[in-house]
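Observations on the three-dimensional arrangement
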Amino acid sequence: MTRIVVGDIGGTNARFALAEIAQGRIVSLGEPVILPTKDHAGLPSAWHAYGEQLGEPLPRLASLAIAGPVTGGPVDFKNSDWVVYPDTLEQDLGLDHVLLLNDFGAMAHAVHALGAEHFVHVCGPDVSLPDHGAISVLGPGTGLGVAVLQRTAAGPIVLETEGSHIHFAPLDETEQRVSAVLSAKYGRTSVERVVSGPGLGDVVRALSPGESRNDAALWEAAIGREEAVLIEALDLFLASYGAATGDLSLAHGAMGVALTGGLTNRLLHLIPESGFHARFCDKARYRARMETVPIKLVTHPQPGLFGAAAAFAREHASA
């Protein structure tokens, strides 16, 4: 049995927990400690705060999923001012070994390792995710995470991507208007500028420039579906989410989709009656293919932490 710290470090919160692994599998995953990133100057500060809350020495092994591209150099978060320096991370955190991976790479590892009880059907054919081939893994939060899980006879291969930063493709006059406003504000409109937690607020303010409520209040009111402009904005969000999911699954060659994150869990009851699936399937000559793709939602409460543990367990299968 090997005891490790697992982390899921996003733009808004840093989550930490203890996990136990043995023989390539997760034996246990402890309760998470959630620390707002705005309260800490960087990962080392949050790490030491976690250790103080835990009240015991931390294991000297860790698997950390972070919301940025892990390519060997410094990881510059796109949705916070944190920077992670892989070359000094073990020294900074007092570790013997750390596995560093993208947060949605961890999500893809979770999709592969979780049991059927941690998935619910969203739309498309009500069949299991494929045992072989590509599965698109994505979900909106502070940003929009995207990864590919490739299931092979030799085991899973995870491709970490920055697919959320492809250009947003407006498909009607309202979306063209929103895209123009966001491009004027940000220089261009990526999918993430629309399909993310902050994206809804930007869409609302593009449709109603005098709107002054914060994003949390707008989400609460939009899900309540009591105001016409918020209904329009949320319908646009869900349709755009479906369109982007379909585009990405085509790009990945995926015959299954796993959606993740607390936001999508909150929206689950609205997705079937929205334009999500119609836009997902609306791919002209590839409509018939898209109609055969099952779309599932991951319901595990901490898939990022679970996936970080699963990735470490697979890398150290003899532990």
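You'll find the structure just up there.
Reading the values: rules and limits
Residues numbered from 1 in each chain as written. Predicted model: local features only at pLDDT ≥ 70, side-chain atom pairs only at ≥ 80, totals over all residues. Heavy atoms only, no water. Axes fitted to C-alpha atoms, helices over the stretch in contact; angles between N-to-C directions. Helix = DSSP H or I, 4+ residues; strand = E, 2+ residues; numbered from the N terminus. Parallel < 35°, antiparallel > 145°, perpendicular 65-115°, else oblique. Left-handed = near helix turned anticlockwise from the far one by under 90°. Contact = heavy atoms within 4.5 Å. Nonpolar A, V, L, I, M, F, W, Y, C, P; charged D, E, K, R; others polar. Pairing = 2+ DSSP bridges.

Remark: helix H6 (residues 197-207) packs on helix H8 (residues 228-252), axes separated minimally by 9 Å, with the N-to-C direction vectors making an angle of 130°. Classified by the angle their axes make, H6 and H8 are oblique. Along this stretch, H6 crosses H8, giving a crossing that reads as right-handed. Across from Leu-200, Val-203, Val-204 and Leu-207 in H6, the residues of H8 making contact are Val-229, Leu-230, Glu-232, Ala-233, Leu-234, Leu-236 and Phe-237. Classifying every residue of the contact of H6 with H8 gives 10 nonpolar, no polar and one charged.

Next up on the list: the sheet that holds strand S11 (residues 144-152). One open sheet holds the six strands; their spatial order is S9-S14-S13-S10-S11-S12, and the pairing between them is mixed. Of all the strands in the sheet, the pair left with one neighbour each is strand S9 (119-123) and strand S12 (155-160). Within the sheet, the average angular offset between the axes of one strand and its neighbour, ignoring direction, is 30°. Where S9 and strand S14 (residues 295-298) come together, four bridges link them in antiparallel fashion. Within S14, the position partnered with Phe-119 by the bridge is Val-298. Where H8 meets the sheet, its contacts fall on strand S10 (133-140), S11 and strand S13 (254-259), and the angle it forms with S10 comes to roughly 150°.

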